[in-house]
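What follows is the residue order along each chain.
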Amino acid sequence: MDTQAKRKLAGILKLLILIALIVVGNLFTRGVLEGMEVSIRPSNEPMLHRIIVTSMIAYVFLMAIPFVPGVEIGLALMMLLGPKIVPLVYGCTLVSLCLGFMVGRFLSEAMISRFLMDLHLFRAGRFIERLQGLDSQQRLSLMLEKSPRRLVPVLLRHRFLTLMVVINLPGNMIIGGGGGLAMVAGISRLFSIPQFVLLIAVAISPLPLLLLLFGDMVGGWPV
């Protein structure tokens, strides 16, 4: 087998592993949600505590995986337990998105470029390769230079606002979900770690604040 064929096979195997991770993540999310279908009674309080702990650990890791709807676990917990669980879900959401961001920061341009090249995405691979060694301003300039001359430059220049909007956008799972968006932000190197943490802390706060302020008014929630 020649070198080109080996690289193509390696690319296909990497893609299959990524798809398998996403599929397993989705199945595991379904399993966690099904395991949360319990009634709240004093007699099953110990079991409920175990479900909460297990669900929150799963939530942190599943939400960090691109294209996995782990956010549904957090929403389900808030619907099940009401305002008292909101601060914990908020904190775990922040940790999860920061985890996705740090994974993106950990991935080197060489690794990403090689993966794209193995999939025969040569143009994208060469572009990522050109980003090696550039600081955030140089990266931004290169991205602006190579991007289409309409919407993309505007989104890049207003990337903080863009990320805040898309992270809360309904249906953002088709573009990677919260974990995928956080990972891309990390890969881009256009956000420093403190900037990202502060940005995400603000971006994910509206729903928790709304539930904390008005959650007790929602019928059916334990108070």
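Below: a short report on this structure. For clarity, every value in this text was computed on a predicted model and none was experimentally measured. Counting from 1, residues in each chain are numbered in the order their sequence is written. Per-residue local features of the predicted model are confined to residues with pLDDT of at least 70, and side-chain atom pairs are confined, for both listing and counting, to 80 or more; whole-chain, interface and lining totals are unaffected and use all residues. Hydrogens are left out, water is left out, and the side-chain values use all remaining heavy atoms of the structure.

## Notes on the packing of helix H4 (residues 86-106) against helix H11 (residues 193-203)
Worth spelling out the cut-off: Fitted lines through C-alpha atoms give the axes, limited to the stretch in contact for helices. The angle between two N-to-C directions lies from 0 to 180 degrees. Put simply, DSSP H or I for four residues or longer makes a helix, DSSP E for two residues or longer makes a strand, and each gets a number counted from the N terminus. Handedness of a helix crossing follows the sense of rotation of the near helix relative to the far helix, less than a right angle counterclockwise being left-handed and clockwise being right-handed. Whether two residues touch is decided by their heavy atoms; if any such pair falls within 4.5 Å, the residues are in contact. Ten residues, namely Ala, Val, Leu, Ile, Met, Phe, Trp, Tyr, Cys and Pro, are considered nonpolar, four, namely Asp, Glu, Lys and Arg, are considered charged, and the remaining ones, Gly among them, are considered polar.
H11 packs onto H4 with a crossing angle of 145 degrees between their chain directions and a minimal axis gap of 10 Å. The crossing of H4 and H11 is right-handed. Contacts between H4 and H11 involve Tyr-90, Leu-94, Leu-97, Cys-98, Phe-101, Met-102 and Arg-105 on the former and, on the latter, Ile-193, Phe-196, Val-197, Ile-200 and Ala-201. Residue classes in the contact of H4 with H11 are distributed as 11 nonpolar, no polar and 1 charged.

## Focus: a nonpolar patch on the surface
Under the convention used in this document: Residues enter patches when they are more than 30% accessible in relative terms and free of salt bridges; like-charged ones are connected within 9 Å and nonpolar ones (Val, Leu, Ile, Met, Phe, Trp, Tyr) within 5 Å. Note on areas: these come from Shrake-Rupley sampling with a 1.4 Å probe, and a residue is covered only by the protein chains present in the view. Whenever Lys or Arg places a side-chain nitrogen within 4 Å of a carboxyl oxygen from Asp or Glu, that contact is recorded as a salt bridge. Accessible area is worked out with a 1.4 Å probe on protein chains only. A residue is then buried under 20% of its type maximum, exposed over 50%, and partly exposed in between.
Judged by side-chain polarity, Leu-9, Ile-12, Leu-13, Leu-15, Leu-16, Leu-18, Ile-19, Leu-21, Val-23 and Leu-27 come together as a nonpolar surface patch covering roughly 870 Å² of accessible area. Its place among the elements puts Leu-15 in helix H1 (residues 3-35). In this structure Leu-15 comes out as partly exposed when scored by relative accessible area, which is 34%.

## Some points on the nonpolar core
For the record, the criterion: Buried Ala, Val, Leu, Ile, Met, Phe, Trp, Tyr and Cys residues that are joined via side-chain atoms within 4.5 Å together make up what is termed a nonpolar core.
Counting residues in each nonpolar core, the largest one holds 52 residues, and the members touching the most others are Ile-73, Leu-77, Leu-163, Phe-191, Phe-196 and Ile-200. Considering each element in turn, this core owes the most residues, 9 residues, to helix H2 (residues 45-63). With near-sequence residues (within four places) excluded, Leu-163 lies in contact with Leu-181, Ala-185, Phe-191, Phe-196, Leu-199 and Ile-200.

## Topic: the packing of H1 against helix H5 (residues 109-118)
Basically, it comes down to this: Reported orientations rely on four angle classes, namely roughly parallel under 35 degrees, roughly antiparallel over 145, roughly perpendicular from 65 to 115, and oblique for the rest.
The interhelical angle for the contact between H1 and H5, taken along N-to-C directions, is 105 degrees, at an axis separation of 8 Å. Classified by the angle between their axes, H1 and H5 sit roughly perpendicular to one another. Here Arg-7, Lys-8, Ala-10, Gly-11, Lys-14 and Leu-15 of H1 lie close against H5, whose contacting residues are Arg-114, Phe-115, Met-117 and Asp-118. Residues of the contact of H1 with H5, tallied by class, amount to 4 nonpolar, 1 polar and 5 charged.

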